[in-house]
Amino acid sequence: MLDAARAFLVRKEIEEARLEGELLVAGALGLSRLELFMQLERPVTAPEVDAARDALVRRGRREPVAYITGSREFYGRDFQVSAGVLIPRPETELLVDLVRDWARGREHSSPLRLADLGCGSGCLALTLALELESPQVLAVDLAPAAVEATRRNAERLGATCEVLLGDGLELLLSLAPFTVLVSNPPYIEPKEAAELPPDVREFEPELALFAPEGDPDFWLRSIVEALPRLIEAEGRAFVELGWQQSERALELAREAGLQARLHDDLARIPRVIELGL
Ligand SMILES: C[S@@+](CC[C@H](N)C(=O)[O-])C[C@H]1O[C@@H](n2cnc3c(N)ncnc32)[C@H](O)[C@@H]1O
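Everything numeric here is computed off the predicted structure, so don't read it as measured data. (Residues numbered from 1 in each chain as written. Predicted model: local features only at pLDDT ≥ 70, side-chain atom pairs only at ≥ 80, totals over all residues.)

### A few points about the site of the ligand
Surveying the vicinity of the ligand reveals 21 residues, the closest of which are Gly118, Gly120, Gly168, Asn184 and Ala208. When residues of the shell around the ligand are traced back to their parent elements, those giving at least two are helix H7 (123-131), strand S4 (136-141) and helix H11 (206-209). (Near = placed C-beta within 6 Å. Helix = DSSP H or I, 4+ residues; strand = E, 2+ residues; numbered from the N terminus.)

So this is what it looks like as structure tokens:
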């Protein structure tokens, strides 16, 4: 079955055919990839073969694996995702590392209040709720599917997090100040949509991907402008950037008189801007 899955995905020009075949077959059998390898000799039933075939056909039409299996790993934990919720990306894990390191070096003993603007699956807010020492965490998103996913993931992972539906900045300003603001805001120009892989363009939510037409820095500028009202005097914001956004991001921060520092991801792309007052 695994060989057939891989061969099918190769024919469909899926790059990681072996890995994805394993993930999809495991998902169809209701197993993790590890469990699948521990049961390689187990006979499969006709309904299981049908489920695996359905999953492979969906992937052949470019639907992302995470939407087919219903989950994606982020920072060592499984996050459930469904249509309408952005699939967590590995480069976003850098934000978690940066906040963890910053929080560890913090001298203040007051409770750390953290806000996640545009929480999606909850990958950032919930990972930080679990990784930091008793923080108060608030996650907001304008998409009902994202709010629902974050609440469900919080329950599954045992994370304590308040999750609110609404227009992010407005909501956060009414509840500010926070010690830390994290955000991975939409930063792709709608006119670049044609260049995105079909897996992303045709399946992931537009609200999560695209900045307003002609203004890829919309979210960063909004955060920069609101920052003095959003964070505490000693607080920080960590915002994920698009791969060509870093110079403009630094310029925006300088113009606003903020402290700013760029952090590279593993591919040496400046991926996160750290902002302070
Ligand atoms: C790039 S996704 C990031 C999701 C998640 N934080 C992650 O890193 O996987 C951006 C998120 O911002 C949300 N969003 C877009 N406009 C918003 C707004 N006006 N207020 C709140 N959230 C918004 C989208 O629904 C989406 O979930």
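### Considerations on the pairing of strand S2 (residues 77-80)
Within a regular strand, side chains alternate between the sheet's two faces. With 4 bridges joining them, strand S1 (residues 71-74) and S2 adopt antiparallel strand pairing. Each residue of the ladder has a partner; that of Phe74, found in S2, is Arg77. Taking the residues that link successive antiparallel strands as the turn, the S1-S2 hairpin has 2 residues, and the phi of Tyr75 there is positive, at about 50°. (Pairing = 2+ DSSP bridges.)

### Structural notes on the domain arrangement of the chain
Domains assigned within the chain are domain 1 (2-61) and domain 2 (82-276). For domain 1 versus domain 2, the separation of C-alpha centres amounts to 34 Å. (Domains from an automatic or database assignment.)

### Section: helix H6 (residues 93-104)
An ideal rise of 1.5 Å per residue puts 16 Å on 12 residues; H6 measures up with 17 Å between its terminal C-alpha atoms. What H6 keeps buried is the set Leu95, Val96 and Val99. For H6, the angular spread of the buried residues around the axis is 100°, confining them to a single face. Along H6, exposed side chains directed more than 90 degrees from the buried face belong to Asp101 and Arg104. Residues of H6 that are buried sit in contact with H7, strand S6 (178-183), strand S7 (231-240) and strand S9 (270-276). (Expected span 1.5 Å × (residues − 1). Buried ≥ 20, exposed ≤ 12 C-beta atoms within 10 Å, placed from the backbone. Arc of directions from axis to C-beta. Contact = placed C-beta atoms within 7 Å.)

### With respect to unusual backbone geometry
Here the bond from Ala176 into Pro177 is cis, since omega is 10°, no more than 30 degrees from zero. Even without glycine at this site, Tyr75 takes up a positive phi of about 50°. Secondary-structure assignment places Tyr75 in the loop between S1 and S2.

### A look at the environment of Glu274
Among the secondary structure elements, Glu274 is positioned in strand S9. Along the chain, Glu274 and Val239 lie 35 residues apart, while their C-alpha atoms are 6.6 Å from each other. The contact partners of Glu274, leaving out residues within four places of it in the chain, are Leu98, Arg236, Phe238, Arg261 and His263.

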